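What follows is each chain in one-letter form.
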Amino acid sequence: MNYRDWTRESRSPLLQWLEDISNLDIERYSNSDERLALWINLYNALTIAQVLDRYPIPSIRPTILGVPNWIGFFRFFSRSVYRLGDRAFSLGKIEHDILRREFRDPRIHFALVCASIGCPLLRNQAYRAEIVHDQLAEDARRFIRNPDKVHYNAETGVLYCSKIFKWYRQDFLSVAPSIPDYINAYLEPSDFIPAETPIRYLPYDWSLNEQN
């Protein structure tokens with residue numbers, strides 16, 4: 001994300017979109033794909049808006065004298081930042097109470113971007129109901145085929161992967177018998193990883209996902 005240029009130019013399109021949809025009664029949407037696309041777009045838009053309100057910042061995880069301030073970090077996700085109709089939402093509520101609970105699709109973890117380098121890349125287009133599942137499949141494939149997020153060391157027989165697979169392990173195991181099995185679905189057959197492969201989780205980079 002090029003936050004610097006965004007702050008120099010106008011944030012009005014983003015803020016206008018957030019205002020335009022604030023009166024939607026999303027519960028009356030009969031198409032679940034419309035709801036899915038809207039909630040993902042809303043999560044990412046609100047994350048960007050929060051960063052722009054604080055920019056410049058090195059990370060969404062603040063520090064005090066070099067020590068991570070976990071209270072400030074969790075407040076980024078837990079405090080209410082938006083009203084949709086008569087309900088208040090935090091980023092955490094959108095992710096855990098709505099997206100994970102209602103849709104039960106672990107691919108959302110490759111679409112939600114928390115403004116950090118360790119997160120998935122932010123898609124340069126909105127999620128749309130008619131293609132949202134294709135978009136999520138592409139997001140999962142791009143993340144899993146990125147060696148900075150997932151790589152298998154054939155010499156040691158160890159699978160190294162993002163902590164997203166640790167934090168949301170049960171989400172992935174709800175659709176696959178193991179983490180390697182889930183990952184294999186997005187790899188070429190020649191890159192097959194045995195299900196019993198030991199896993200080591202990579203350090204998560206909370207630095208701001210700022211374009212240099």
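Because the structure is a prediction, the values reported are computed rather than measured. Residues take numbers from 1 onward in each chain, read along the sequence in its written order. Local features in this predicted model are restricted to residues whose pLDDT is 70 or higher, and side-chain atom pairs enter the listing and the counts only when it is 80 or higher, whereas totals over whole chains, interfaces and linings include all residues. Hydrogen atoms and water are omitted, and side-chain values are computed over all heavy atoms in the structure.

**A few points about the side chain of Asn209**
Then step 1. Positionally, Asn209 belongs in the segment after strand E7 (199-201).
Then step 2. Taking relative accessible area as the criterion, Asn209 reaches 13% and is therefore assigned buried.
Then step 3. By definition in these notes, contact holds between two residues if any of their heavy atoms fall within 4.5 Å. Look past the residues within four positions of Asn209 in its chain and what remains in contact with it is Met1, Tyr3, Val113, Ala115, Ser116 and Ile117. Working definition: helices are DSSP H or I runs of at least four residues, strands are E runs of at least two. Numbering for both runs from the N terminus. Residue burial is assigned from relative accessible area. The probe radius is 1.4 Å, only protein chains are included, and a residue is buried under 20% of its type maximum, exposed over 50%, and partly exposed in between.

**Concerning empty space enclosed by the protein**
Then step 1. Both cavities and pockets are sets of points on a 1 Å grid over the protein atoms alone; in a cavity a 1.4 Å probe fits but cannot get out, in a pocket the set is open with protein on both sides within 12 Å along at least five of seven lines, and lining residues sit with an atom within 4 Å of a point. Grid points are joined across faces, edges and corners, and a volume is the space filled by probe spheres set on the points. Enumeration according to the criterion identifies two cavities of 30 Å³ or more in this entry.
Then step 2. Each pocket or cavity is described by its volume, and for the largest cavity that value is around 60 Å³.
Then step 3. Around the largest cavity sit Phe110, Cys119, Pro120, Leu121, Asp139, Arg142, Phe143, Asn146 and Lys149, which together line it.
Then step 4. Residue polarity is assigned by list, with Asp, Glu, Lys and Arg as charged and Ala, Val, Leu, Ile, Met, Phe, Trp, Tyr, Cys and Pro as nonpolar; anything else, Gly included, falls into the polar class. The residue makeup of the lining of the largest cavity, split by class, is five nonpolar, one polar and three charged.
Then step 5. Taken as a whole, the second largest cavity spans an internal volume of roughly 40 Å³.
Then step 6. Taken together, Met1, Tyr3, Asn44, Thr47, Ile48, Val113, Ala115, Leu122 and Asn209 form the lining of the second largest cavity.
Then step 7. Per-class residue counts for the lining of the second largest cavity are six nonpolar, three polar and no charged.

**Side note on unusual backbone geometry**
One can expect most non-glycine residues to show negative phi and most peptide bonds to be in trans.
Then step 1. Residue Pro56 is reached from Tyr55 by a cis peptide bond, and omega for that bond is 5°.
Then step 2. Its place among the elements puts Pro56 in the loop between helix H3 (32-54) and strand E1 (63-64).
Then step 3. In this model, Arg104 sits at a positive phi of 50°, which is unusual for a non-glycine residue.
Then step 4. Within the secondary structure layout, Arg104 lies in the loop between helix H5 (91-103) and helix H6 (132-144).
Then step 5. Look at Arg104 and you get exposed, because its relative accessible area is 62%.
Then step 6. The backbone phi angle of Ala115 is positive, close to 65°, even though this residue is not glycine.
Then step 7. Tracing the chain through its elements places Ala115 in the loop between H5 and H6.
Then step 8. Since its relative accessible area comes to 1%, Ala115 is described here as buried.

**Side note on the layout of surface pockets**
Then step 1. There is about 440 Å³ of room inside the largest pocket.
Then step 2. Counting only elements with at least two residues in the lining of the largest pocket, the list comes to helix H4 (70-78), H5 and helix H7 (164-167).
Then step 3. With five residues, H4 is the single largest residue contributor to the lining of the largest pocket.
Then step 4. Partitioned by chemical class, the residues of the lining of the largest pocket number 14 nonpolar, four polar and two charged.
Then step 5. If you add up the space inside the second largest pocket, you get close to 320 Å³.
Then step 6. As for the second largest pocket, its lining consists of 14 residues, of which Ile48, Leu122, Arg123, Gln125 and Ala126 are closest to the centre.
Then step 7. Of all the secondary-structure elements, those providing two or more residues to the lining of the second largest pocket are helix H2 (12-20) and H3.
Then step 8. A total of four residues in the lining of the second largest pocket trace back to one element, the largest contributor, which is H3.
Then step 9. Tallied by class, residues from the lining of the second largest pocket come to nine nonpolar, four polar and one charged.

**Brief notes about the environment of Asn2**
Then step 1. Of note, Asn2 is situated in the segment before helix H1 (3-8).
Then step 2. Judged by relative accessible area, Asn2 falls into the partly exposed class, the value being 25%.
Then step 3. Residues Asn2 and Asn209, 207 residues apart in the sequence, show an inter-C-alpha distance of 8.7 Å.

**Points about H3**
Then step 1. Helix length check: H3, at 23 residues, gives a terminal C-alpha distance of 33 Å against a target of 33 Å (1.5 Å per residue), a fit within 8%.
Then step 2. We define a polar contact as two N or O atoms separated by no more than 3.5 Å, with the added condition that, inside protein, one atom must be a possible hydrogen donor and the other a possible acceptor, whereas residues neighbouring each other in sequence contribute only through side-chain atom pairs. The backbone nitrogen of Asp33 has a side-chain oxygen 2.8 Å away, supplied by the residue at the start of H3, namely Asn31. By this rule the span expected of a helix is its residue count minus one, scaled by 1.5 Å.

**Points about the packing of aromatic side chains**
Then step 1. Stacked, tilted and edge-to-face are the three classes assigned to paired rings of Phe, Tyr and Trp, where Trp is represented by its six-membered ring and a pair needs centres within 6.5 Å; plane angles under 30 degrees give stacked, over 60 edge-to-face, the rest tilted. A complete count under the given rule lists 16 aromatic pairs for this structure.
Then step 2. Aromatic pair Trp167 and Tyr204: ring centres 4.8 Å apart, planes at 55°, arrangement tilted. One end of the pair, Trp167, is in helix H7; the other, Tyr204, is in the segment after E7, with 37 residues separating them in the sequence.
Then step 3. Using a relative accessible area of 41% as the deciding quantity, one classes Trp167 as partly exposed.
Then step 4. Every member of this aromatic cluster is reached through a ring pair, and the members are Phe73, Phe74, Phe76, Phe77, Trp167, Tyr204 and Trp206.

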